[in-house]
Amino acid sequence: MQKKETKKLFKSSWNYSEAPESISHIQIQKKYDLYIDGKFTKPVKGKYFDTINPANEEIISSVAEATIEDIDVAVKAARKAFTGWSKLSGKERGKYIFRIARLIQERAREFAVIESMDGGKPIRESRDIDIPLSANHFFYYAGWADKLEYAFPNKEPKPVGVVGQIIPWNFPLLMAAWKIAPALATGNTIILKPAETTPLTALKLAEVIQLSGLPKGVVNIVTGAGKTGADIVNHPGINKIAFTGSTEVGRYIAKAIAGTDKKVTLELGGKGANIIFEDAAIDQAVEGIINAIFFNQGHVCCAGSRLFVQESVADKVIQKLKDRMENLIVGDPLDKNTDIGAINSKKQLETIENYINIGLKEGGEIYQPDCKLPKKGNWCAPTLFLNVSQSHKIVQEEIFGPVLTIQTFRTINEVIEKANNTPYGLSAGVWTQNGAKIFHSTQKLAAGVVWANTFNKFDAASPFGGYKESGFGREGGLHGLKPYLKFE
Ligand code: NAI
Ligand code: MG
């Protein structure tokens, strides 16, 4: 069949009617204050900023901007609460965490819709992935709260104290869960700052936490941008910083706390290799490639953004990939058919477009399916780059958008060397029917997570984290308890 005909066939076979998720059942306030010491509190300086819907540029709500004065109040509240909370039995702490998990489950639809409105991700993902995984994380760590002495036998684990947690905009509620759940289970008190473009589900979580009856001051949620984050990092009353975000800010944090006795974990960027061997199940691998790079618009630190295909199957894989891209639906995040939603912010869209221009200038061969992008809002068509090599900037640097670079390889040693030739070390994936090849390559790949015949799979029981410039420390699983404990 001719290429053009295939294109037509694919387009005409998938005609979906609109299926928008209702927003009538959700409650968003016009204005949100800071959640400090168990109540919503006006910011000392009285400043607020807007959070918008990146799919239509409408203002959703106005959110308080915390300054150093507010952080002071929050740290004092957390310190005061620490005395009681850290002495409470694990069993009692667990009850509160279970309650938070159940309240998230009860409000799952509301959380999902707000997550998609505030951040631009498809409702299918927020509904089926972000929100269930968030509840699951609280359930999982609730179970550990009264078993710490079994997790670390003969070590007498103690909480570290007041922890500052700074999270990004790509998985807003899920990252809040990854941070808060283990810290609570281990008896710490918390000051959490969501990202400035996606504060709403963290504020909804504050409402849930208030409803759960958690003692006041145990969890404080403060909103603001980079300056607020830096104020948390530099506050002398904080014992540990947990950060997820860019490598640049991770470096800043590492420098800022050097010489202090603050503990730190950093979960930073990535440039994951996704490797397709010639003996892979090709159709499944193509779905895996799509999921690896286009999940959440590619705003994923562990995205499979560098594709390596064995030369003998490269033509076949690339053709199937292009065909599959023809029927990806880009558009309204609240439509249940949507595969790729809105880019999170204007700033991130500019970053992605800049990388696409660099890729073209450096001689890359671009492929984008013809999809109609909405006029208003931040959009980027799914993009492939062929004819690139290790030295291309778009192969080396994290783009954090729906842009995939494709290279080929001949031997397993060659592809492992190429895959590891990056300053990052967060994730990788291998696709093959040969078990020995899986064991061989997963041991040789310098990445915190290596998936085999799947990609972007998360589980509360499984540790996650990076090597090299992807950061250090692990979140999830038994490993995720450790950074919140000290052993004397
Ligand atoms: P960012 O690292 O600036 O933002 C992440 C969080 O850090 C936000 O809550 C932000 O308010 C806070 N923050 C910013 N400056 C800070 C400072 N000096 N001290 C303390 N906290 C601070 O990320 P940004 O600028 O939104 O995105 C830039 C690039 O970073 C993206 O293009 C992407 O490549 C990467 N990124 C990686 C993420 C990951 O999950 N690994 C998440 C977000 C961004
Ligand atoms: Mg927003």
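What this report covers is the structure whose coordinates are included nearby. Keep in mind it's a predicted model, so treat the numbers as computed, not measured. (Residues numbered from 1 in each chain as written. Chains lettered and ligands numbered in written order. Predicted model: local features only at pLDDT ≥ 70, side-chain atom pairs only at ≥ 80, totals over all residues. Heavy atoms only, no water.)

**Notes on the site of ligand 1**
Cut-off, in case you're wondering: A cutoff of 4 Å decides nearness: a residue is near a molecule or strand if any of its heavy atoms lies inside that distance of it. Any pair of N or O atoms that falls within 3.5 Å is considered a polar contact. Within protein, one atom must be able to donate a hydrogen and the other to accept it, and sequence-neighbouring residues count only if both atoms are side-chain atoms. Residue exposure ignores everything except the shown protein chains as possible cover, and the areas themselves are Shrake-Rupley values with a 1.4 Å probe. Method remark: on a 1 Å grid restricted to protein atoms, a set of points is classed as a cavity if a 1.4 Å probe fits but cannot get out and as a pocket if it is open with protein on both sides within 12 Å along at least five of seven lines; lining residues have an atom within 4 Å of a point. For a molecule to be placed in a cavity or pocket, more than half of its atoms must lie within 2 Å of the grid points of that cavity or pocket. Secondary structure counts use DSSP, requiring at least four H or I residues in a row for a helix and at least two E residues in a row for a strand, with both numbered from the N terminus. We call Asp, Glu, Lys and Arg charged. Ala, Val, Leu, Ile, Met, Phe, Trp, Tyr, Cys and Pro are nonpolar, and the rest, Gly among them, are polar.
Contacts to ligand 1 come from 27 residues, most closely from Ile167, Trp169, Glu196, Ser246 and Glu398. Interatomic distance of 2.6 Å between a side-chain N/O atom of serine 246 and an oxygen atom of ligand 1. Between leucine 268 and ligand 1, the recorded distance is 2.8 Å, taken from a backbone N or O atom to a nitrogen atom. About the coverage of ligand 1: the protein hides 86% of its 810 Å² of free accessible area. Comparing atom positions with the cavity grids shows ligand 1 to sit within the largest pocket. Take the shell around ligand 1: its biggest share by element is 4 residues, from helix 9 (residues 226–234). Across the shell around ligand 1, the residue classes tally to 15 nonpolar, 8 polar and 4 charged.

**Re the sheet that holds strand 15 (residues 383–386)**
Stated precisely, the cut-off is as follows: By this definition, two strands are paired if DSSP reports at least two bridges between them. Between the N-to-C directions of two axes lies an angle of 0 to 180 degrees, each axis being a line fitted to C-alpha atoms and, for a helix, fitted only over the stretch in contact. Contacts are assigned to residue pairs that have any heavy atoms within 4.5 Å of one another.
In space, the 7 strands of this open sheet follow the order 14-15-16-13-12-17-18, with mixed pairing throughout. Edge positions in the open sheet fall to strand 14 (365–367) and strand 18 (449–452), since each of these has one partner strand only. Sheet twist, expressed as the average angle between the axes of neighbouring strands with direction ignored, equals 20°. Note that strand 13 (residues 306–310) and strand 16 (residues 403–409) share 5 bridges and pair parallel. Bridging across to strand 16, valine 309 finds its partner in threonine 408. Each of strand 12 (273–276), strand 13, strand 14, strand 15 and strand 16 touches helix 12 (residues 311–326); the most contacted strand, strand 13, lies at about 130° to it.

**Points about the sheet that holds strand 5 (residues 59–64)**
Taking strand neighbours across the sheet as the criterion, the 3 strands line up as 1-5-4 in an open arrangement whose pairing is mixed. Where the open sheet ends on each side, the last strands, each with one partner, are strand 1 (31–32) and strand 4 (48–52).

**Considering the packing of aromatic side chains**
Definition in use: Pairing of aromatic rings covers Phe, Tyr and Trp, the last counted by its six-membered ring, and requires centre-to-centre distances within 6.5 Å; plane angles under 30 degrees mean stacked, over 60 mean edge-to-face, and any other angle means tilted. A 1.4 Å probe rolled over the protein chains alone gives each residue an accessible area, and that area as a share of the maximum for its type sets the label: buried under 20%, exposed over 50%, partly exposed in between. Here, a charge over a ring means that NZ of Lys or CZ of Arg falls within 6 Å of the ring centre while also lying within 35 degrees of the ring normal.
For the structure on display, the rule yields 14 aromatic pairs. Relative to tryptophan 144, the ring of tyrosine 140 lies with its centre 6.5 Å away and its plane at 80°, an arrangement referred to as edge-to-face. One end of the pair, tyrosine 140, and the other, tryptophan 144, are both in helix 5 (residues 123–144), 4 residues apart, so they sit about a helical turn from each other. Take tyrosine 140: its relative accessible area is 22%, and that puts it in the partly exposed class. Stacked on the ring of tyrosine 48, the Lys or Arg lysine 31 has its end atom at 4.3 Å from the ring centre. One cation-aromatic arrangement involves lysine 155 over phenylalanine 487; the distance from NZ or CZ to the ring centre is 5.9 Å.

**Details of the pattern of salt bridges**
Counted only if it meets this: Each reported salt bridge corresponds to a side-chain nitrogen of Lys or Arg within 4 Å of a carboxyl oxygen of Asp or Glu.
Tallied over the full model, the rule gives 23 salt bridges. Here aspartate 231 ties to lysine 227 by a salt bridge, and the two come within 3.0 Å at their closest N and O atoms. Separated by 4 residues within a single helix, aspartate 231 and lysine 227 lie in helix 9, roughly one turn from each other. Aspartate 231 gets classed as buried once you look at its relative accessible area, which sits at 10%. Judged by its relative accessible area of 59%, lysine 227 falls in the exposed class. Through salt bridges that share partners, Glu110, Lys204 and Glu207 make up one connected network.

**A short note on the pairing of strand 11 (residues 263–267)**
To be explicit about the condition: Seen with its strands pointing away from the viewer, a crossover is right-handed when the path leading from the first strand over the helix to the second is clockwise.
The buried count for strand 11 comes to 4 of 5 residues, which makes it a mostly enclosed element. Sheet topology note: the strand 10 (residues 240–244)/strand 11 ladder contains 5 bridges and is parallel. Among the inter-strand pairings, phenylalanine 243 is bridged to a residue of strand 11, identified as leucine 266. Handedness of the crossover joining strand 10 and strand 11 through helix 10 (residues 247–257) is recorded here as right-handed. Examined bridge by bridge, strand 11 and strand 19 (residues 471–472) share 2 bridges and lie antiparallel to one another. Along strand 19, the bridge assignment pairs leucine 266 with phenylalanine 472.

**Quick notes on the coordination of the magnesium ion (ligand 2)**
Note the threshold: Atoms of type N, O and S within 2.8 Å of a metal are treated as its donors, and for Na, K and Ca the window is 3.2 Å; water is not considered, so some sites may appear to be missing partners.
Within the first shell, the magnesium ion (ligand 2) binds the protein through Thr51 (OG1), Ile52 (O), Asp118 (O), Asp118 (OD) and Thr197 (O), at distances of 2.2 to 2.6 Å. Mapped onto the polypeptide sequence, the residues donating to the magnesium ion (ligand 2) form the spacing pattern T-I-x65-D-x78-T. With threonine 51 in strand 4 and aspartate 118 in helix 4 (residues 108–119), the pair connects residues that are 67 residues apart, well separated along the chain. Comparing threonine 51 with aspartate 118, the two get one shared label, buried.

Such coordinate-based values are descriptive only and should not be taken to indicate function.
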